[in-house]
Amino acid sequence: MSHQKVFDQFKERAENASPLGGTLKFIVDGNAVFINGNGEQNNVSMEDLEADCTISVSTEVLEKLRDGELNPMMAVMGGQIKIDGDMGLAMKVQSLMG
């Protein structure tokens, strides 16, 4: 999956979800997707900015999470997902996964 497609999927889901109440950055195969959820709606960009929570993941793992083939907690415990920062914000990510 291309970075543009990953971005487009996050953008669609984030803009239709409740505001996260913080900033979240996904690093997917080295490419950033930044979600600013501090306002009345989540705003998504490809900027590589500082965030309250950063989640690093591969495209392959992201697709498995999206399709329900992989349990998020098991992926974190197995080292397939790396989370830095606000864990409370990380817990809100499921609302963006569909």
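Treat the numbers as computed from the prediction; the structure is a model and nothing was measured.

*Asks:* If you had to explain the sheet that holds strand 4 (residues 53–57) to someone new, which residues and values would you point to?
*Replies:* If you walk across this open sheet you meet the five strands as 3-2-1-4-5, and the pairing is mixed. On the outer flanks of this sheet lie strand 3 (43–45) and strand 5 (81–85), each paired with one strand and no other. Going across the sheet, the axis of each strand differs from the next one's by a mean of 15°, ignoring polarity. Packed on one face of the sheet, helix 1 (residues 3–15) meets strand 1 (23–28), strand 2 (31–36) and strand 3 and runs near 10° to strand 2.

*Asks:* An account of a nonpolar patch on the surface is requested, with residue identities and associated values reported.
*Replies:* Judged by side-chain polarity, Met73, Met74, Met77 and Met91 come together as a nonpolar surface patch covering roughly 490 Å² of accessible area. For the nonpolar patch, the leading source of residues is helix 3 (residues 72–77), giving three residues. Looking at where Met74 falls in the secondary structure, it is placed in helix 3.

*Asks:* Describe the environment of Gln9, listing the residues and the values that go with them.
*Replies:* Within the fold, Gln9 resides in helix 1. According to the relative accessible area criterion, Gln9 is partly exposed, its value standing at 22%. Considering only alpha carbons, one finds Gln9 and Leu96, 87 residues apart in sequence, at a separation of 9.1 Å.

*Asks:* Please provide a residue-by-residue account of the confidence of the model for the protein, values included.
*Replies:* On average, residues of the protein score 92 in pLDDT, and 98% of them are at 70 or above. Confidence scores differ between elements of the protein, with helix 2 (residues 59–66) showing the lowest mean pLDDT of 90 and strand 4 the highest of 97.

*Asks:* Tell me about helix 1, and name the residues and values.
*Replies:* Taking 1.5 Å of rise per residue, the 13 residues of helix 1 would be expected to cover 18 Å, and the 18 Å separating its terminal C-alpha atoms lies within 8% of that figure. Burial in helix 1 covers these residues: Val6, Phe7, Phe10 and Ala14. For helix 1, the buried positions fall inside an angular range of 95° around the axis, keeping them on one side. Tucked inside the fold, the buried residues of helix 1 contact strand 1, strand 2, strand 3 and helix 2.

*Asks:* Talk me through the pattern of salt bridges; I want residue IDs and the actual numbers.
*Replies:* Applying the stated rule across the entire model yields four salt bridges. Between Asp48 and Lys25 there is a salt bridge, with the nearest N and O atoms lying 2.7 Å from each other. Remark: Lys25 occurs in strand 1 and Asp48 occurs in the loop between strand 3 and strand 4; sequence separation between them is 23 residues. For Asp48, a relative accessible area of 54% corresponds to the exposed category.

*Asks:* Which residues make up helix 2, and what values go with them?
*Replies:* Looking at helix 2, one finds that the buried residues are Thr59, Val61, Leu62 and Leu65. For helix 2, the buried positions fall inside an angular range of 160° around the axis, keeping them on one side. Trailing helix 2 by a residue or two, Gly68 shows a phi angle of about 75°, which is positive.

Reading guide: rules and limits
Residues numbered from 1 in each chain as written. Predicted model: local features only at pLDDT ≥ 70, side-chain atom pairs only at ≥ 80, totals over all residues. Heavy atoms only, no water. Pairing = 2+ DSSP bridges. Helix = DSSP H or I, 4+ residues; strand = E, 2+ residues; numbered from the N terminus. Axes fitted to C-alpha atoms, helices over the stretch in contact; angles between N-to-C directions. Contact = heavy atoms within 4.5 Å. Patch = residues over 30% accessible without salt bridge, like charges linked within 9 Å, V, L, I, M, F, W, Y side chains within 5 Å. Areas by Shrake-Rupley, 256 points an atom, 1.4 Å probe, with all protein chains shown as cover. Salt bridge = Lys/Arg side-chain N within 4 Å of Asp/Glu carboxyl O. Buried < 20%, exposed > 50% of the residue type's maximum accessible area, 1.4 Å probe, protein only. pLDDT = per-residue confidence, 0-100. Expected span 1.5 Å × (residues − 1). Arc of directions from axis to C-beta.

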